[in-house]
Amino acid sequence: MFFFDSLVRVRAGTRTDRGGNTVPDWSADKVVRVPVGQLNIQPSSQAEGSSTSSGAADPTRTAVVTGWRVQSAEGTRPDITAADRLEWRGMVLEVEGEVAEWSDPLTGAVHHVEFTMTRATG
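Residues numbered from 1 in each chain as written. Predicted model: local features only at pLDDT ≥ 70, side-chain atom pairs only at ≥ 80, totals over all residues. Heavy atoms only, no water.

Caption draft 1: Expanded view of the pattern of salt bridges. Counted by the stated rule, this structure contains six salt bridges. Among the ionic pairs, arginine 11 bridges to aspartate 79, the shortest N-O distance being 3.1 Å. You can see arginine 11 sitting in strand β1 (residues 5-11) and its partner aspartate 79 sitting in the loop between β5 (64-72) and β6 (85-88), a full 68 residues away along the chain. Residue class for aspartate 79 comes out partly exposed when judged on its relative accessible area of 46%. (Salt bridge = Lys/Arg side-chain N within 4 Å of Asp/Glu carboxyl O. Helix = DSSP H or I, 4+ residues; strand = E, 2+ residues; numbered from the N terminus. Buried < 20%, exposed > 50% of the residue type's maximum accessible area, 1.4 Å probe, protein only.)

Shown next as structure tokens:
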């Protein structure tokens, strides 16, 4: 597998709301952007589009990518969490679920991480 892809991790700053709680602050001057490299990013989810009335897939419809699977290179553990946003190829994306850390079976150290990212909707 080749690990030539990169993205930008965007992490929210914090602010105090009216109730005195610390909450994420996605204001442009509060976020922290960090480039992350040594990744392999591949399409993960595709939907064929609509079906015909008989239930068969319509061959005139184009498959649409709805997510991307990200894997880091062996021996890397990028600082990405489920709360981060990601910028890649002009899109703003979110981590779907948790970031999975895969252990090396011989040493127990982190071998690599994997996660799925989807387009941010709000």
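More follows now that the structure is in view.
Caption draft 2: Main features of the packing of aromatic side chains. Scanning the entire structure with this criterion turns up one aromatic pair. Ring geometry for tryptophan 68 versus tryptophan 88: centroids 5.7 Å apart, planes at 70 degrees, classification edge-to-face. Within this pair, whereas tryptophan 68 is found in strand β5, its partner tryptophan 88 is found in strand β6, the two being separated by 20 residues in sequence. Each member of the pair tryptophan 68 and tryptophan 88 is classed as buried. Here the guanidinium or amino end of arginine 85 rests over the ring plane of tryptophan 26, the centre of that ring lying 3.8 Å away. (Phe/Tyr/Trp six-rings, centres within 6.5 Å; stacked < 30°, edge-to-face > 60°. Lys NZ or Arg CZ within 6 Å of the ring centre and 35° of its normal.)

Caption draft 3: Just the nonpolar core, in detail. Leu7, Ile41, Ile80, Leu86, Trp88, Phe115 and Met117 are the most contacted members of the largest nonpolar core, which has 16 residues in total. Every element with two or more residues in this core is listed here: β4 (32-47), β5, β6, β7 (91-103) and β8 (110-119). Ranked by residues supplied to this core, first place goes to β7 with four residues. Among residues more than four places away in sequence, those in contact with isoleucine 80 are Leu7, Arg9, Arg11, Val36, Leu86, Val95, Val99 and Phe115. (Core = buried A, V, L, I, M, F, W, Y, C linked by side-chain atoms within 4.5 Å. Contact = heavy atoms within 4.5 Å.)

Worth remembering: the numbers are spatial, not functional.
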